[in-house]
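Working through the structure, step by step
Below, each chain spelled out in residue letters.
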Amino acid sequence: MLQPIGKRVLIQIEENIKESKSGIILAKEEEYDETKGVILAVGDVDHLQSLGLKVGDTVIIDDLGAEEFRDKIDNKQIKLKILGVDHILAKVIIDQVAE
């Protein structure tokens, strides 16, 4: 695994899988959603925490200037990006509606 240095983060880019209601995986236009991912590792933890972010958060990124890598976790090919914290545009928050 990679460990970012300074005010950088390691993001796992989300795979763009579309599935029908019955569970059939549909053909993909693009394999990855380049602007959405999960924070896997951070350089400066204190700076990230001051922004209200932590490892495991799903974020929307501006990937201009990001360094891209591919790696394997649990025998699955994944896409990774290292970028500055200032390229994180938003944290994805899922509101749970009470039934």
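Here, the structure is the one placed above.
Just so it is clear, the model here is predicted, and its values are computed rather than measured.

Quick word on the environment of phenylalanine 69
Its place among the elements puts phenylalanine 69 in strand E4 (residues 67-73). Look at phenylalanine 69 and you get partly exposed, because its relative accessible area is 34%. Taking the C-alpha atoms as reference points, phenylalanine 69 and glutamine 12, 57 residues apart in sequence, are found 9.6 Å from one another.

A closer look at the nonpolar core
Judged by nonpolar contacts, Val9, Ile11, Ile13, Ile39, Val42, Leu48, Leu53, Val59, Ile61, Leu83, Val85 and Ile88 together constitute the single largest core of twelve residues. Listed by contribution, the elements that provide at least two residues to this core are strand E1 (8-15), strand E2 (32-42) and strand E3 (58-61). With three residues, E1 is the largest single contributor of residues to this core. Excluding residues that lie within four positions of it along the chain, leucine 53 makes contacts with Ile39, Leu48, Val59, Ile88 and Lys91. Counting five residues, the second largest nonpolar core, distinct from the first, contains Leu10, Ala41, Leu80 and Ile82.

Some remarks on unusual backbone geometry
A positive phi angle is found at asparagine 75, which is not glycine, with a value near 60°. Of note, asparagine 75 is situated in the loop between E4 and strand E5 (76-84). With a relative accessible area of 73%, asparagine 75 lands in the exposed category.

Some remarks on the environment of leucine 83
Looking at the secondary structure, you find leucine 83 in strand E5. Sequence spacing of leucine 83 and glutamate 67 is 16 residues, and the spatial spacing of their C-alpha atoms is 6.6 Å. In contact with leucine 83, other than residues within four places in its own chain, are Lys7, Arg8, Val9, Ile11, Ile61, Asp62, Ala66 and Ile88.

Remarks on the pairing of E5
Burial of E5 is extensive: seven of the nine residues sit out of reach of the surface. Taken together, the seven bridges between E4 and E5 define a ladder with antiparallel strand orientation. Opposite phenylalanine 69, over in E5, you have leucine 80 as the bridge partner.

Procedures and definitions
Residues numbered from 1 in each chain as written. Predicted model: local features only at pLDDT ≥ 70, side-chain atom pairs only at ≥ 80, totals over all residues. Heavy atoms only, no water. Helix = DSSP H or I, 4+ residues; strand = E, 2+ residues; numbered from the N terminus. Buried < 20%, exposed > 50% of the residue type's maximum accessible area, 1.4 Å probe, protein only. Core = buried A, V, L, I, M, F, W, Y, C linked by side-chain atoms within 4.5 Å. Contact = heavy atoms within 4.5 Å. Pairing = 2+ DSSP bridges.

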